[in-house]
Amino acid sequence: MRRPFIAGNWKMNLSREEAVALTQGIVEQLGTTDIEVAVAPPSVYLDAVGQVTKGSGVGLSAQNMYHEANGAFTGEISASMLLDLGCKYVILGHSERRHILGETDEEVNRKVLAALAAGLVPIVCVGETLEQREADKTQSVVQQQCDGSLAGLTNEQMSGVVVAYEPVWAIGTGKVATPEQAEEVHADLRRLLETRYNPEVAAAVRIQYGGSVKPDNAGELLGQPNIDGALVGGASMKVDSFLGIIAAAK
Ligand code: 13P
C-alpha cells in the first residue's frame with residue numbers, strides 16, 4: 001500500500017508572519033492522521049516554519065536546491081543546508097523552474113542525485129504544456145522528463161523518490177485535469193517505472209497529482225488507483241482548504 005502524501009507548495013508567496021501563522025494553524029488542526037503531509041515555504045522562511053513543524057506530523061520541504069555540496073555558487077543552497085534547517089523533502093524540476101527559469105532535465109537529474117545522496121526525499125515534477133497536450137504529446141513529454149530527470153538512479157534510489165505529475169495548463173488556472181485525464185497519465189507513469197525499475201519499486205513509488213487541486217475536487221482525484229497524493233499550490237495557503245484536501249485523502 002502506498003501511503004497518501006499531500007504537500008503544499010507555497011511558491012514565492014506569503015510574508016514570514018503569514019507563513020508561520022499558516023504553519024501553526026495546520027500543525028494545530030491536523031490531528032492524528034495516516035496521511036503524509038508536508039509544506040514547502042520560500043527558502044528564507046524554512047527556518048521559521050521548521051521551528052513550528054518540528055516534532056509535528058507536518059514535514060518540511062524546500063522548493064529547490066543546487067546540486068553542488070558547497071563552494072562559489074552565489075545565491076544557491078545545498079542539500080546539506082536544507083537538512084540543517086530540518087528539511088526532509090525537496091521539490092525538484094517544478095514546471096515554473098523548467099519554463100520560467102530554464103531548468104533542464106539534466107540539471108534536475110543532478111539535483112535529484114545530490115538530494116538522494118544527502119538523504120533528502122526529492123519530489124520530482126513532470127508535466128506537459130497545453131500545446132503539447134493538444135499535439136498529443138503528453139505521454140512522450142512526460143516520459144522524456146522522467147527518463148531525463150531520473151537518469152542513473154538505482155532501484156533503491158528510485159524507491160526514495162516521489163513523482164509529481166503537474167500538467168502545466170492546470171497549474172494556478174483553476175482548470176483541473178479530470179480524474180480520468182490524470183489517472184491515464186499516472187498509469188502511464190507507473191508502467192514506465194515498471195520498464196525502468198523492478199516491479200516492487202514501480203508499485204511503491206508515490207505519484208502525486210498537482211494543478212488546481214481544491215477540497216472539492218481532491219476526493220475524486222485521490223480516489224483514482226494510481227494517484228497517491230497531491231502537490232497543492234493555491235489551496236495549500238489557507239488552513240481550511242489544505243486540511244480539506246488532506247481530509248479528502250483519507
Ligand atoms: P495550484 O494548486 O495553485 O494550481 O499549483 C499547483 C502547483 O504548481 C503545485 O506545485
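Now for a quick tour of the structure.

In this section: the pattern of salt bridges. Within the structure shown, the criterion is met by eleven salt bridges. Between Arg3 and Glu36 there is a salt bridge, with the nearest N and O atoms lying 3.5 Å from each other. Here Arg3 is found in the segment before strand E1 (5-9), whereas its partner Glu36 is found in strand E2 (residues 36-40), with 33 residues between them in sequence. Overall, Arg3 belongs to the partly exposed group, its relative accessible area being 41%.

The subject of this paragraph is the packing of helix H5 (residues 105-118) against helix H7 (residues 138-149). Where H5 contacts H7, the two axes come as close as 7 Å, and the packing angle between them is 45°. In this view, H5 runs oblique relative to H7, as classed from their interaxial angle. For the pair H5 and H7, the contacting residues are Asp105, Val108, Asn109 and Val112 in the first and Gln144, Gln145, Gly148 and Ser149 in the second. Within the contact of H5 with H7, the residues separate by chemical class into two nonpolar, five polar and one charged.

It is worth spelling out the environment of Gly219 at this point. Within the element layout of this structure, Gly219 appears in helix H11 (residues 215-222). With a relative accessible area of 35%, Gly219 lands in the partly exposed category. The sequence separation of Gly219 and Gly57 amounts to 162 residues, and the corresponding C-alpha distance is 21 Å.

Below, the discussion takes up the nonpolar core. Counting 66 residues, the largest nonpolar core has Ile6, Ile26, Met65, Leu150, Met158, Leu189 and Tyr209 as its most contacted members. When near neighbours in sequence (up to four residues on either side) are disregarded, Leu150 contacts Asn109, Val112, Val124, Gln145, Met158, Val161 and Tyr197. Residues Ala38, Ala40, Tyr89 and Val121 belong to the second largest nonpolar core, which totals twelve residues.

The eight strands lie next to each other as E1-E2-E3-E4-E5-E6-E7-E8, forming a closed barrel whose pairing is parallel. Ignoring strand direction, the axes of neighbouring strands in this sheet form an average angle of 25°. Here E1 runs beside strand E8 (residues 229-232); their pairing, made up of four bridges, is parallel. If you follow Ala7 over to E8, its bridge partner there is Leu231. Against the sheet, H7 makes contact with strand E5 (121-126) and strand E6 (162-165), and its axis sits at roughly 150° relative to E5, the strand it touches most. Relative to strand E7 (residues 207-210), helix H9 (residues 179-196) is tilted by about 150°, and along the sheet it contacts E5, E6 and E7.

What follows is about the environment of Glu68. By the secondary structure assignment, Glu68 is in the loop between strand E3 (58-62) and helix H3 (79-84). A C-alpha to C-alpha distance of 9.9 Å links Glu68 and Ala115, two positions 47 residues apart in sequence.

Once that is clear, we can look at the pairing of E6. A two-sided burial pattern is seen for E6, the buried positions comprising Val162 and Ala164 on one face and Val163 and Tyr165 on the other. Where E5 lies against E6, four bridges are found, and the strand directions are parallel. Following the sheet pairing, Val126 is matched in E6 by Tyr165. Here E6 pairs with E7 via three bridges, running parallel. Across the sheet, the residue bridging to Val163 is Ile207, located in E7.

In this section: the state of the cysteines. Evaluated as defined, the whole model comprises zero disulfides. With no disulfide partner, Cys87 has as its closest neighbouring cysteine sulfur the one in Cys125, 15 Å distant. Unpaired in terms of disulfides, Cys125 finds its nearest cysteine sulfur in Cys146, a separation of 11 Å.

This part is about the side chain of Glu128. Here Glu128 is to be found in the loop between E5 and helix H6 (130-134). Glu128 sits in the buried class, given a relative accessible area of 0%. A polar side-chain atom of Glu128 sits 2.8 Å from a polar atom in the side chain of Tyr165. Those residues in contact with Glu128, other than ones at most four positions away along the chain, are Arg133, Thr138, Val141, Val142, Tyr165, Glu166, Pro167, Val168 and Trp169.

What counts as what
Residues numbered from 1 in each chain as written. Predicted model: local features only at pLDDT ≥ 70, side-chain atom pairs only at ≥ 80, totals over all residues. Heavy atoms only, no water. Salt bridge = Lys/Arg side-chain N within 4 Å of Asp/Glu carboxyl O. Helix = DSSP H or I, 4+ residues; strand = E, 2+ residues; numbered from the N terminus. Buried < 20%, exposed > 50% of the residue type's maximum accessible area, 1.4 Å probe, protein only. Axes fitted to C-alpha atoms, helices over the stretch in contact; angles between N-to-C directions. Parallel < 35°, antiparallel > 145°, perpendicular 65-115°, else oblique. Contact = heavy atoms within 4.5 Å. Nonpolar A, V, L, I, M, F, W, Y, C, P; charged D, E, K, R; others polar. Core = buried A, V, L, I, M, F, W, Y, C linked by side-chain atoms within 4.5 Å. Pairing = 2+ DSSP bridges. Disulfide = S-S within 2.5 Å. Polar contact = N/O pair within 3.5 Å; in protein donor to acceptor, adjacent residues only side chain to side chain.

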